[in-house]
Every structure is written in structure tokens, then in C-alpha cells.
Amino acid sequence: ARHTDVANFRIGAWWDEPSCPIDADTRAALEATATALSSAGATVDLGARPEIQFDKAVLAFEQLLSAAESGSWSLAELDEIAKDPDPQGTLGITFAAMRHRQWLSANERRLQQRARWHEYFKSWDAILLPVTSTPGFPHDHSRPVSMRRLQVDDTDIPYFHMIRWMGLT
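These figures come from a predicted structure and were not determined experimentally. (Residues numbered from 1 in each chain as written. Predicted model: local features only at pLDDT ≥ 70, side-chain atom pairs only at ≥ 80, totals over all residues. Heavy atoms only, no water.)

Student: It is not clear to me how the environment of Met166 should be interpreted in this structure. Could you clarify?
Tutor: By secondary structure assignment, the location of Met166 is in helix H5 (residues 164-168). On a C-alpha basis, the gap between Met166 and Thr132 in space is 6.8 Å, while along the polypeptide they are 34 residues apart. (Helix = DSSP H or I, 4+ residues; strand = E, 2+ residues; numbered from the N terminus.)

Printed below as a string of C-alpha cells:
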């Protein structure tokens, strides 16, 4: 850490994202943390964030994660996936059979985002982010996976949207 006294820290915050809502409990915990840090003397800015578009960061994450997960499938299975790349959007399948050129493009976006995070942390010491949209919940083992849903307060979202906040970073 750059500082030993919390009063010297500059902390950004990012938890308002229309495409990935968080529930009231998660928001309350983040707000309480921001308030506690501010009360201890830290500079907390609810608008300070890197120059990154959330949805583009998440897309690069999902593409690269799918590619990494595809190693357990045979070439024949990947050929079938390439014919119909999961129109229902099951994470882990959607981008599993993407061409190398697509992977290179996603990786380039990741590298550009990494540089933007690096720039952000030249001026800011930390950022408060949710890890996921909700606190723990019962796992859903229903099939098909693409039909699983998750409740975020009164909003129904696709089950795998829960990892989008992790994908941002």
C-alpha cells in the first residue's frame, strides 16, 4: 500500500451499472463501507472509475473464459458448437468455438483494459466494487443451464450474469 493512514487513501466506487444491477443488501454493504472509509478520512469518490465500458469489459471476459473452458471438448464437439454457437447464451459454450482471430481481438481488448486499470491506479489507491449482484443464494442445478434465472430484488436476470462484476476486473 502507498499509505499507512487510511486518511491518505483515495478510493473510487463503481456499483451503479444498468446492465448488471446489484441487490439492496449488496448496495447497502458497499455504501456502508464507503461511509466508514470517508468517516475515517479517506477520499471516497462514487464516480471515480477507469475509462472502461462495463459491457465491453464483460464481453472480453466471457469470450476469453469460454475459450479457456473449451479445452475439454473434442474437435468434433467444437465443430458442432461452431455450427450453432448456443443461441441461448450459455456461458462457457457461446464463444467456445470462436476463431483465433476473434480470440486475438478479445485479448487485445483485455490488454487495453489492463492499461486503463493501470492508469486509474496511478491516481487512485482502491476501488469499491461488488463481487456479484447478490449475496449467496441456493445453487440452481436445473437444465437447460441457459434457462436458469436469478433474482436481484425485483429484477429477474440470467443466472450467469452473477459473474459479470468479476469479469469487469
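Don't stop here, the text continues.
Student: Looking at this structure, how should I read the packing of helix H2 (residues 54-69) against helix H4 (residues 100-123)?
Tutor: At a closest axis distance of 9 Å, the pairing of H2 and H4 adopts a crossing angle of 130°. As summarised for this structure, H2 and H4 are arranged oblique, according to the angle between their axes. Note on packing geometry: the crossing formed by H2 with H4 is left-handed. For the pair H2 and H4, contact is made by Lys56, Ala57, Leu59, Ala60, Gln63, Leu64 and Ala67 and by Trp103, Ala106, Asn107, Arg109, Arg110 and Gln113, respectively. Classifying every residue of the contact of H2 with H4 by side-chain character gives seven nonpolar, three polar and three charged. (Axes fitted to C-alpha atoms, helices over the stretch in contact; angles between N-to-C directions. Parallel < 35°, antiparallel > 145°, perpendicular 65-115°, else oblique. Left-handed = near helix turned anticlockwise from the far one by under 90°. Contact = heavy atoms within 4.5 Å. Nonpolar A, V, L, I, M, F, W, Y, C, P; charged D, E, K, R; others polar.)

Student: It is not clear to me how the sheet that holds strand E3 (residues 126-128) should be interpreted in this structure. Could you clarify?
Tutor: Pairing is parallel across the open sheet formed by three strands, whose spatial order is E2-E1-E3. Each end of this open sheet is capped by a strand with a single partner; those strands are strand E2 (43-45) and E3. Taking each pair of neighbouring strands and ignoring which way they run, the sheet shows an average axis angle of 25°. Here three bridges tie strand E1 (residues 10-13) to E2, and the two strands are oriented parallel to one another. By the bridge assignment for E2, Arg10 is matched with Thr43. Seen against the sheet, helix H1 (residues 24-39) touches E1, E2 and E3 and runs at an angle of roughly 140° to E3. Most of the contacts of H4 go to E3, to which it runs at about 105°, and overall it touches E1 and E3. (Pairing = 2+ DSSP bridges.)

Student: Quick question: what am I supposed to make of unusual backbone geometry here?
Tutor: What is expected of a backbone is that most residues other than glycine have negative phi and most peptide bonds are trans. One non-glycine residue with positive phi stands out, namely Asp153, at about 55°. You can see Asp153 is positioned in the loop between strand E4 (149-152) and strand E5 (155-158). Of the residues examined, Asp153 reaches a relative accessible area of 43% and is grouped as partly exposed. (Buried < 20%, exposed > 50% of the residue type's maximum accessible area, 1.4 Å probe, protein only.)

Student: Just to check I follow, could you spell out the packing of aromatic side chains for this structure?
Tutor: The description of an aromatic ring pair rests on the distance of the ring centres and on the angle between the ring planes. For the structure shown, the criterion picks out eight aromatic pairs. Taken together, a centroid distance of 5.8 Å and an interplanar angle of 20° make the contact between Trp117 and Phe121 stacked. Remark: Phe121 and Trp117 occur in helix H4; sequence separation between them is four residues, near one turn of the helix. For the pair Tyr120 and Phe121, a centre-to-centre distance of 4.9 Å together with 85° between the ring planes defines the contact as edge-to-face. By relative accessible area, which is 6% here, Tyr120 ends up buried. Members of the aromatic cluster, connected to one another through ring pairs, are Trp117, Tyr120, Phe121 and Trp124. It is Arg10 that lies over the ring of Trp124; its NZ or CZ is 3.9 Å from the centre. Taking NZ or CZ as reference, Arg148 lies 5.6 Å from the ring centre of Tyr159, over its face. (Phe/Tyr/Trp six-rings, centres within 6.5 Å; stacked < 30°, edge-to-face > 60°. Lys NZ or Arg CZ within 6 Å of the ring centre and 35° of its normal.)

Student: So what exactly am I meant to see when it comes to the pairing of E1 here?
Tutor: If a strand is regular, its side chains alternate between the two faces of the sheet. Handedness of the crossover joining E1 and E2 through H1 is recorded here as right-handed. Note that E1 and E3 share three bridges and pair parallel. Of the residues in E3, the one forming a bridge with Ala13 is Leu128. (Right-handed = clockwise from strand over helix to strand, strands pointing away.)

Student: What is the right way to read the pattern of salt bridges from this model?
Tutor: It is possible for side chains of opposite charge to pair when their charged atoms get near one another. Enumeration according to the criterion identifies five salt bridges in this entry. Of the charged contacts in the structure, one is a salt bridge between Arg164 and Glu62, with a shortest N-O distance of 3.5 Å. Linking Arg164 in helix H5 with Glu62 in helix H2, this pair joins segments that are 102 residues apart in sequence. Like Arg164, the residue Glu62 is buried in the burial classification. Lys122 is the partner of Glu119 in a salt bridge, and the nearest nitrogen-oxygen pair spans 2.8 Å. Linking Glu119 with Lys122, this pair stays in helix H4, spanning three residues, or about one helical turn. Judged by its relative accessible area of 46%, Glu119 falls in the partly exposed class. (Salt bridge = Lys/Arg side-chain N within 4 Å of Asp/Glu carboxyl O.)

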